[in-house]
Amino acid sequence: MKILMVGPDEVHTNRQVEWLLQRDCEVVFVTYQDPFPGAGRNYQFIRQRFVRGAKLYRKVLPPRWADHLIDAAFVAQYRWLWRRTSPDIVHVNWIGESAYYLARTGAKPLVLTVWGTDVNRHFSDKCDTRSRMMATASLARASRIIVDSVDMTEKCTRLAGRPVQCEIVPLGIDTDKFCPGYREAASGWRKKLQIPDSAKVVVSIRAFTRLYSHDLILKAFGLAQRKLAGGSILVFRLYYHDPSDSYQQEIIKQAESFGVARFIRWMPAVPYERMPEVYALSDLLVNYPTMDAFPVSFIEAAACERAVVSCALPAYHGTFAENFFHMVPPGDEERLAEAMADELQIESPERSSKLARARRVVQRDYDETGSASKLLNLYQRVLN
């Protein structure tokens, strides 16, 4: 089977490419940088291109004319790419411009993978009209849409404006790699971040952007510290951190005003293969986005038997997170603070047993071997 895979050069896309290559599929990967140089004869990398003169078009032409010319150029590029590679399946990760242009070429069968923000953002008051049009057209023309929660299925249908074929295929993980342990690595992180051995560690695990409400997590942590007598440290992971954004400085100032600045630590971006170390360091993970799909960090945390406090978003309903994590209402800092304080003070055989059961659920339902098989089965059914 030959797959034309298009998407960001990020861990979610790259892992799918790895699964396919390991199962003797032929993959043409279109992205900005080659993550697998020398991968083998069944792998081809094609660099994602920009339209020449696009900036000039937008500068000298009315917006609608410029958009029309740029769209036509991109559609021509993708049509040439599709015909040149002659894939059995076209698979696009992230519902954005690439998905739209491939949909317009008539490329079939077209499989789209929704990541969350690419759909959720179109239900915001700040939604860009053109971006929403692209997403609507892409979803409406797809042969199959891969989602990770029932909530995302409903949103894709609403955004497409018609019934669409969605299937839940979770982005599984390597449950042998994500597991309890890594004590030596966790000890190394404590030394690097200057965290006392006696301190409990809370990690704000998601990407460092405003979407994930790290400022609210800080406020709740400040409230929780009053109950914990200063016995815990809050770690922010600078993943997807934009140095030009003032968000980090805002949080630093807030921490100073709350009197908890000395309890805050900043962790640099960590390569994916070292993420089990981050879970080993943490006593508690906090997840508090304003909108979401089903995050892979939930799966990783459960596999590592780590406690999680999270807001209860619709995307999490009906999942194992409701059974094993401490869920609180969105936008309620006091309830979040109470949950954080409670979780940091709980030490019992019942809690350890509960976390062990969560790991077994992940091993059964979210191991990457099963996810890879589900992806290949979906391809085969689409072809048939």
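Placed above this text is the structure.
All figures in this text were calculated on a predicted structure; none of them were measured in a lab. (Residues numbered from 1 in each chain as written. Predicted model: local features only at pLDDT ≥ 70, side-chain atom pairs only at ≥ 80, totals over all residues. Heavy atoms only, no water.)

Engineer: Looking at this structure, I do not really get helix α8 (residues 183–192). What am I missing?
Structural biologist: Since the α-helix packs 3.6 residues into each turn, any two residues three or four apart lie on the same face. All of the buried residues in α8 are Ala186, Trp189 and Arg190. Seen end-on, α8 carries its buried residues on one side only, within an arc spanning 105°. For α8, exposure combined with an orientation more than 90 degrees from the buried face picks out Glu184, Lys191 and Lys192. Packed against the buried residues of α8 are β8 (200–204), β10 (264–267) and α11 (275–281). Of the residues flanking the end of α8, it is glutamine 194, one or two places downstream, whose phi is positive at about 55°. (Buried < 20%, exposed > 50% of the residue type's maximum accessible area, 1.4 Å probe, protein only. Helix = DSSP H or I, 4+ residues; strand = E, 2+ residues; numbered from the N terminus. Arc of directions from axis to C-beta. Contact = heavy atoms within 4.5 Å.)

Engineer: So what exactly am I meant to see when it comes to the sheet that holds strand β5 (residues 110–113) here?
Structural biologist: Read from one edge of the open sheet, seven strands run β3-β2-β1-β4-β5-β6-β7, paired in parallel fashion. Each of the sheet's edge strands pairs with one partner strand only, and the pair in question is β3 (43–47) and β7 (166–168). Within the sheet, the average angular offset between the axes of one strand and its neighbour, ignoring direction, is 20°. As defined by bridge partners, strand β1 (residues 2–6) adjoins strand β4 (residues 89–93) across four bridges and the pair is classed as parallel. Directly across from methionine 5, in β4, lies its bridge partner histidine 91. (Pairing = 2+ DSSP bridges. Axes fitted to C-alpha atoms, helices over the stretch in contact; angles between N-to-C directions.)

Engineer: Sorry if this is basic, but what is going on with the packing of helix α9 (residues 214–228) against helix α10 (residues 247–258) here?
Structural biologist: Any two packed helices are characterised by how steeply their axes cross, that is the angle between the axes, and by the distance between the axes. At a minimum axis distance of 10 Å, the contact between α9 and α10 shows a crossing angle of 15°. Relative to α10, α9 is oriented roughly parallel. Both α9 and α10 take part in a crossing whose hand is right-handed. Between α9 and α10, the contacting residues are His214, Asp215, Leu218 and Lys219 on the first element and Tyr247, Ile251, Gln254, Ala255 and Phe258 on the second. Among the residues forming the contact of α9 with α10, the class breakdown is five nonpolar, two polar and two charged. (Parallel < 35°, antiparallel > 145°, perpendicular 65-115°, else oblique. Left-handed = near helix turned anticlockwise from the far one by under 90°. Nonpolar A, V, L, I, M, F, W, Y, C, P; charged D, E, K, R; others polar.)

Engineer: Would you mind going over the environment of valine 30 with me for this structure?
Structural biologist: Looking at the element boundaries, valine 30 is found in strand β2 (residues 26–31). If near-sequence neighbours (up to four positions away) are discounted, valine 30 is found in contact with Leu4, Met5, Val6, Gly7, Ile46, Gln48 and Leu81.

Engineer: Looking at this structure, I do not really get the packing of aromatic side chains. What am I missing?
Structural biologist: The way to describe two aromatic rings as a pair is by their centre distance and the angle between their planes. On inspection of all chains with the given rule, the structure shows 19 aromatic pairs. Taken together, the aromatic side chains of Phe294, Phe298, Tyr316, Phe320, Phe325 and Tyr366 make up a single cluster linked through ring pairs. Taking NZ or CZ as reference, arginine 132 lies 5.8 Å from the ring centre of phenylalanine 123, over its face. (Phe/Tyr/Trp six-rings, centres within 6.5 Å; stacked < 30°, edge-to-face > 60°. Lys NZ or Arg CZ within 6 Å of the ring centre and 35° of its normal.)

Engineer: So what exactly am I meant to see when it comes to the pairing of strand β9 (residues 232–237) here?
Structural biologist: Counting buried positions along β9 gives six out of six residues, so the element sits mostly inside the fold. The pairing of β8 with β9 spans five bridges and is parallel. Note that in β9 the partner of lysine 200 across the bridge is serine 232. Both β9 and β10 contribute to a ladder of four bridges, which runs parallel. Paired with leucine 234 across the strands is isoleucine 264, a residue of β10.

Engineer: Is there a simple way to think about the sheet that holds strand β13 (residues 326–328) in this case?
Structural biologist: Paired through backbone hydrogen bonds, the strands of a sheet run either parallel or antiparallel to each other. Here we have six strands laid out as an open sheet, ordered β10-β9-β8-β11-β12-β13, and parallel in their pairing. Where the open sheet ends on each side, the last strands, each with one partner, are β10 and β13. Taking the axes of each pair of neighbouring strands and ignoring which way they run, one obtains an average angle of 25° across the sheet. With three bridges joining them, β8 and strand β11 (residues 284–287) adopt parallel strand pairing. Each residue of the ladder has a partner; that of valine 202, found in β11, is leucine 284.

Engineer: When you look at the pattern of salt bridges in this model, what are you seeing that I'm missing?
Structural biologist: Pairs can form between side chains of opposite charge once their charged atoms are near each other. The full count for this structure, using the stated rule, is 17 salt bridges. As a salt-bridge pair, arginine 274 and glutamate 277 come within 2.9 Å of each other at their nearest N and O atoms. For glutamate 277, a relative accessible area of 14% translates into the label buried. Overlapping salt bridges bring together Arg58, Asp67, Asp71, Arg104 and Arg130 as one network. (Salt bridge = Lys/Arg side-chain N within 4 Å of Asp/Glu carboxyl O.)

Engineer: Please explain helix α6 (residues 129–141) as it appears in this structure.
Structural biologist: Relative to the 18 Å expected for 13 residues at 1.5 Å per residue, α6 spans 19 Å between its end C-alpha atoms, a close match to the ideal helical length. Listed in full, the buried residues belonging to α6 are Ser131, Met134, Ala135, Ala137, Ser138, Leu139 and Ala140. Contacts made by the buried residues of α6 are with α3 (63–85), α4 (97–105), β5, β6 (144–147) and α7 (150–160). Regarding α6, its N-cap is aspartate 128, as a side-chain oxygen of that residue lies 3.3 Å from the backbone nitrogen of arginine 130 further along. (Expected span 1.5 Å × (residues − 1). Polar contact = N/O pair within 3.5 Å; in protein donor to acceptor, adjacent residues only side chain to side chain.)

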